[in-house]
Amino acid sequence: MVHLMRGTVRMICLDLDGTLFTPRKEISERSRKAIKGCLDLGMEVVLVTGRPYLFAKGVAASIDPRVDAIGYVGNYRRIQGVAQGTPIPQETALEILRRLQREHVWMQAKTFHHVYGNSLNLIQPDYQKVTRHNPPEEQIEVHSWTQPLRQIERSKEPVYKIIALGGLKIKKLNRLLAPIPGIKVYSYAKTNLEITSDQNDKGTAIQAAAAQLGISLEQVLGVGDSLNDMEMFNVCGIKAAMGNASSALKAQADLITDTNAQEGVAKLLESLL
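Okay, so let's go over this structure.

Rules and cut-offs
- Numbering of residues starts from 1 in each chain and follows the order in which that chain's sequence is written.
- Only residues with pLDDT of at least 70 are given local features in this predicted model, and only at 80 or more are side-chain atom pairs given and counted; all residues enter the totals for whole chains, interfaces and linings.
- Excluded from the side-chain calculations are hydrogens and water; all other atoms, namely the structure's heavy atoms, are used.
- The classification of residues rests on relative accessible area computed with a 1.4 Å probe and restricted to protein chains. Under 20% of the type maximum is buried, over 50% is exposed, and intermediate values are partly exposed.
- To qualify as a helix, a DSSP run of H or I must reach at least 4 residues; to qualify as a strand, a run of E must reach at least 2; elements of each kind are numbered from the N terminus.
- Salt bridge, as used here: a side-chain nitrogen of Lys or Arg that lies within 4 Å of a carboxyl oxygen of Asp or Glu.
- Between any two strands, at least two bridges found by DSSP are needed for them to pair.
- Residue contacts follow a heavy-atom distance rule, with two residues in contact if any of their heavy atoms lie within 4.5 Å.
- Geometry is summarised by axes, namely lines fitted to C-alpha atoms with helices restricted to the contacting stretch, and by angles between N-to-C directions that run from 0 to 180 degrees.
- Using a 1 Å grid laid over the protein atoms alone, points where a 1.4 Å probe fits but cannot get out form a cavity; open sets with protein on both sides within 12 Å along at least 5 of 7 lines form a pocket; any residue with an atom within 4 Å of a point counts as lining.
- Grid points are joined across faces, edges and corners, and a volume is the space filled by probe spheres set on the points.
- When two rings of Phe, Tyr or Trp (its six-membered ring) have centres within 6.5 Å they constitute a pair, described as stacked for plane angles under 30 degrees, edge-to-face for angles over 60, and tilted for the intermediate range.

Before going further, it helps to examine helix α3 (residues 53-63). Taken across its 11 residues, α3 has 8 buried, putting it largely inside the fold. Listed in full, the buried residues belonging to α3 are Tyr 53, Leu 54, Phe 55, Ala 56, Gly 58, Val 59, Ala 60 and Ile 63.

As structure tokens, then:
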């Protein structure tokens, strides 16, 4: 059991996959109750994820309307009605997709309302489940296309994130993308890459949200499990890693709670109540 002193935390930032989500991609009732308890005590709760913003907002709404969300690894946020987004520059996004296409890898391109890709079978049920109760203007449509590049060229929609499922080509893909300016490349699950604008990350988004709310970063609790949570840890005054977190993230943590299969988030937040 992890214990925190009451009154030390005014803002809680929670990653989703591997953190708040159980291995079945659900939120336990115990975690929901703990989050509501923190909200009732006046703490701000923000979901901070690499998933699309509208997905994160759907999850937030399913917990409590007071929960805010930051999506696309920090590149779109909406905090108490104030929104800011930073997509990948359009020609840059097209060049990334061209390079990935030449390597014949599975990939996804994520705009605000759409996901285009040739590797959608695993995410489509998640997105449909979470966003089905969103109002029409906040739906995410998932399109399975063999040519995501062509769809982005036609739609001219701003791209907030690109995912490449590189497999054994992961090192080569890193080398191919490294010279492209204006992007940040994260390694995810060892065989996958996440590509976003380099203007924001989870850390900069949390800094901006805390400043907007008038909260000192020393009073912000960040909870995560993977390498794309490292920037969050760099700014949060209190850093909590999940029991299932990467060893690199655990090494930076002030606290280590139980795994996402063992109610780690709920146990951590209950110590604030």
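The discussion continues.
Another aspect to go through is the pattern of salt bridges. Across all of its chains, the model carries 19 salt bridges by this definition. Between Asp 40 and Arg 66 there is a salt bridge, with the nearest N and O atoms lying 3.0 Å from each other. Of this pair, Asp 40 sits in helix α2 (residues 29-40) while Arg 66 sits in the loop between α3 and β3 (68-71); the two residues are 26 residues apart in sequence, bridging distant segments of the chain. With a relative accessible area of 37%, Arg 66 lands in the partly exposed category. Arg 99 is paired through a salt bridge with Glu 95; the nearest N and O atoms lie 2.8 Å apart. Of the two residues, Arg 99 and Glu 95 both sit in helix α4 (residues 90-102), 4 residues apart, roughly one turn of that helix. Linked by salt bridges that have partners in common, Lys 36, Asp 40, Asp 64 and Arg 66 make up one network.

Right, let's talk about the pairing of strand β11 (residues 192-197) for a bit. Within β11, 6 of the 6 residues are buried, leaving the element largely enclosed by the surrounding structure. Pairing geometry for strand β9 (residues 161-165) and β11, over 4 bridges, is antiparallel. Among the inter-strand pairings, Ile 162 is bridged to a residue of β11, identified as Ile 195. Pairing between strand β10 (residues 183-188) and β11: 6 bridges, direction antiparallel. Directly across from Tyr 186, in β11, lies its bridge partner Glu 194.

As summarised here, the arrangement of the 8 strands in space is β5-β4-β3-β2-β1-β12-β13-β14, forming an open sheet in which the pairing is mixed. Strands with a single pairing partner mark the edges of an open sheet, and in this sheet they are β5 (82-85) and β14 (255-256). Bridge count for strand β1 (residues 11-14) against strand β2 (residues 44-48) is 4 bridges, and the pairing is parallel. Paired with Met 11 across the bridge in β2 is Glu 44. Seen against the sheet, α3 touches β2, β3 and β4 (76-79) and runs at an angle of roughly 155 degrees to β3.

Of all the 5 residues making up β9, 4 are buried; the element is thus mostly covered by neighbouring parts of the structure. In the sheet, strand β6 (residues 106-110) pairs with β9 via 5 bridges, with the strands oriented antiparallel. For Lys 110, the partnering residue across the bridge sits in β9 and is Lys 161.

Moving on, we get to the sheet that holds β11. If you trace the 6 strands from one edge of the open sheet to the other, you get β8-β7-β6-β9-β11-β10, paired in mixed fashion. Edge positions in the sheet fall to β8 (141-144) and β10, since each has one partner strand and no second. Direction aside, the axes of adjacent strands within the sheet are offset by 15 degrees on average. Of the pairings in the sheet, the one linking β6 to strand β7 (residues 114-117) comprises 3 bridges and is antiparallel in character. Along β7, the bridge assignment pairs Gln 108 with Gly 117. Seen against the sheet, α4 touches β6, β9, β10 and β11 and runs at an angle of roughly 10 degrees to β9. Taken strand by strand, helix α6 (residues 148-155) contacts β6 and β7, and its axis lies near 140 degrees from that of β7.

Its volume calculated, the second largest pocket comes out at about 270 Å³. The element contributing the most residues to the lining of the second largest pocket is α3, with 4 residues.

Let us look at the packing of aromatic side chains. Counted according to the given criterion, the structure contains 7 aromatic pairs. Ring centres of Tyr 76 and Phe 112 lie 4.9 Å apart, and the angle between their planes is 55 degrees; on these two criteria the pair is classed as tilted. Here the residue Tyr 76 occupies a position in strand β4, and Phe 112 occupies one in the loop between β6 and β7, the gap between them amounting to 36 residues. Between the aromatic rings of Phe 112 and Tyr 160, the centroid separation amounts to 6.4 Å while the plane-to-plane angle is 55 degrees, which identifies the pairing as tilted. Taken together, the residues Phe 112 in the loop between β6 and β7 and Tyr 160 in the loop between α6 and β9 connect sequence positions 48 residues apart. Taken together, Tyr 53, Tyr 72, Tyr 76, Phe 112 and Tyr 160 form an aromatic cluster joined through their ring pairs.

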